[in-house]
Amino acid sequence: MKTPSVFFTQSLMPAQYKRIQIEQEINKRINADDYEFKDLLEAYKNCSNDMSEREEQFYLYESAYYKSKHNGENAVILADFIQALQKTFEGYTVQTDIENIVLMPDEMIIFYNIAYCLCREGKRQQAITAANQLYKLYQKYDLMDSIMPLGLDAIARMLSQWLLADGQLDMALQVADKGCASCTKYGRMKNLPYLLHTKSLILLGLGKEEGRILFKRTYMFFEALGNKEMMAEINLHKEVFYECGK
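Analysis parameters
- Residues numbered from 1 in each chain as written.
- Predicted model: local features only at pLDDT ≥ 70, side-chain atom pairs only at ≥ 80, totals over all residues.
- Heavy atoms only, no water.
- Axes fitted to C-alpha atoms, helices over the stretch in contact; angles between N-to-C directions.
- Helix = DSSP H or I, 4+ residues; strand = E, 2+ residues; numbered from the N terminus.
- Left-handed = near helix turned anticlockwise from the far one by under 90°.
- Contact = heavy atoms within 4.5 Å.
- Nonpolar A, V, L, I, M, F, W, Y, C, P; charged D, E, K, R; others polar.
- Buried < 20%, exposed > 50% of the residue type's maximum accessible area, 1.4 Å probe, protein only.
- Arc of directions from axis to C-beta.
- pLDDT = per-residue confidence, 0-100.
- Phe/Tyr/Trp six-rings, centres within 6.5 Å; stacked < 30°, edge-to-face > 60°.
- 1 Å grid on protein atoms, 1.4 Å probe; cavity = no way out; pocket = protein on both sides within 12 Å on 5 of 7 lines; lining within 4 Å.
- Points joined across faces, edges and corners; volume = space filled by probe spheres on them.

> Break down the packing of helix α6 (residues 124-139) against helix α7 (residues 152-165) for me, with residues and values.
Between α6 and α7, the shortest axis-to-axis distance is 10 Å and the interhelical angle comes to 145°. At the point where α6 passes α7, the crossing takes the left-handed sense. Mapping the contact onto sequence places Arg124, Ala127, Ile128, Ala131, Asn132, Leu134, Tyr135, Tyr138 and Gln139 in α6 and Leu152, Ile155, Met158, Leu159, Trp162, Leu163 and Ala165 in α7. In terms of residue class, the contact of α6 with α7 is made up of 13 nonpolar, two polar and one charged.

> So what about helix α2 (residues 38-45)? Which residues, and what values?
Residues of α2 that are buried: Leu40, Leu41 and Tyr44. The buried residues of α2 occupy an angular sector of 105° when the element is viewed end-on, so they sit on one face. Each element contacted by the buried residues of α2 is listed here: α1 (14-31) and α3 (53-68).

> Break down the confidence of the model for the protein for me, with residues and values.
Residues with a pLDDT of 70 or more make up 88% of the protein, whose mean pLDDT is 88. Long-range and interchain partners of residues 1-9, a stretch whose pLDDT sits below 50, account for 18 contacts in this model, where long-range means more than four residues apart.

> Report on the packing of aromatic side chains, specifying residues and quantitative values.
Remark: the centre distance and the inter-plane angle together describe each pair of aromatic rings, the angle taken between the planes. Summed over all chains, the structure comprises nine aromatic pairs. Ring geometry for Tyr35 against Tyr65: centres 6.2 Å apart, planes inclined by 65°, an arrangement best described as edge-to-face. On the criterion of sequence distance, the pair formed by Tyr35 in the loop between α1 and α2 and Tyr65 in helix α3 is long-range, its members being 30 residues apart. Residues Tyr44 and Tyr59 carry aromatic rings whose centres are separated by 6.4 Å and whose planes lie at 5° to one another, so their mutual orientation is stacked. One end of the pair, Tyr44, is in helix α2; the other, Tyr59, is in helix α3, and 15 residues separate them in sequence.

> Mind laying out the layout of surface pockets, listing which residues take part and the relevant values?
When its volume is computed, the largest pocket comes out at roughly 1500 Å³. If you trace the largest pocket, you find 41 residues lining it, with Lys69, Tyr112, Arg157, Lys190 and Asn191 closest to the centre. Among the secondary structure elements, those contributing two or more residues to the lining of the largest pocket are α1, α3, α4 (74-86), α5 (105-120), α7, α9 (192-205) and α11 (228-236). Considering every element that reaches the lining of the largest pocket, the biggest residue donor is α7, with seven residues. Residue composition of the lining of the largest pocket, grouped by class: 20 nonpolar, 11 polar and 10 charged.

What follows is the structure, given as structure tokens:
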């Protein structure tokens, strides 16, 4: 996640300038997987007695994101994300169809997190619908993928996993392949191993031998990266690997 770009047409007030500095520091910590930034949120809020619409959205979003990293209640986090999006998307609800609506990059990030929260609430069909809308919308702006804070690869990683869990294997495979292509095209390699792992499970579900081979390779990917969490998760499915290899 990155702090949204801001373009100014007038001189900044001291409080605005300070908030930009705090936004950059929050972004720096998150990129370093440091989610202890409550002090920065308090400082951001206390810069002045009022905030611009964009600043309110940033504060609401980052506050919700902070809660998500500190075992906050998912329903509360979801409500906060929705409130953040409503700051610039008046009238938005989780039933709103965004497929034909142009969203700003920071709005896309908030919408992505709303879809994730819906899935955590057990509303998988609603989450799939939301993620699929964002996926289709994002493809319309494919040329912007190299400069967007949220890449198509991240959306495809999330959506392909949900489609796999829902048994929509053919669609899941299409989405995973699109995500992998986005990774290689734009050099966004962080999500590639996850997409390949999901693809291997999809192919296994389709009875394809290629899935067994890819399953083994993704374990080697995560082993090389030192990602013990994913190695452990893959080991939970190793009996599938061996059965497929018979």
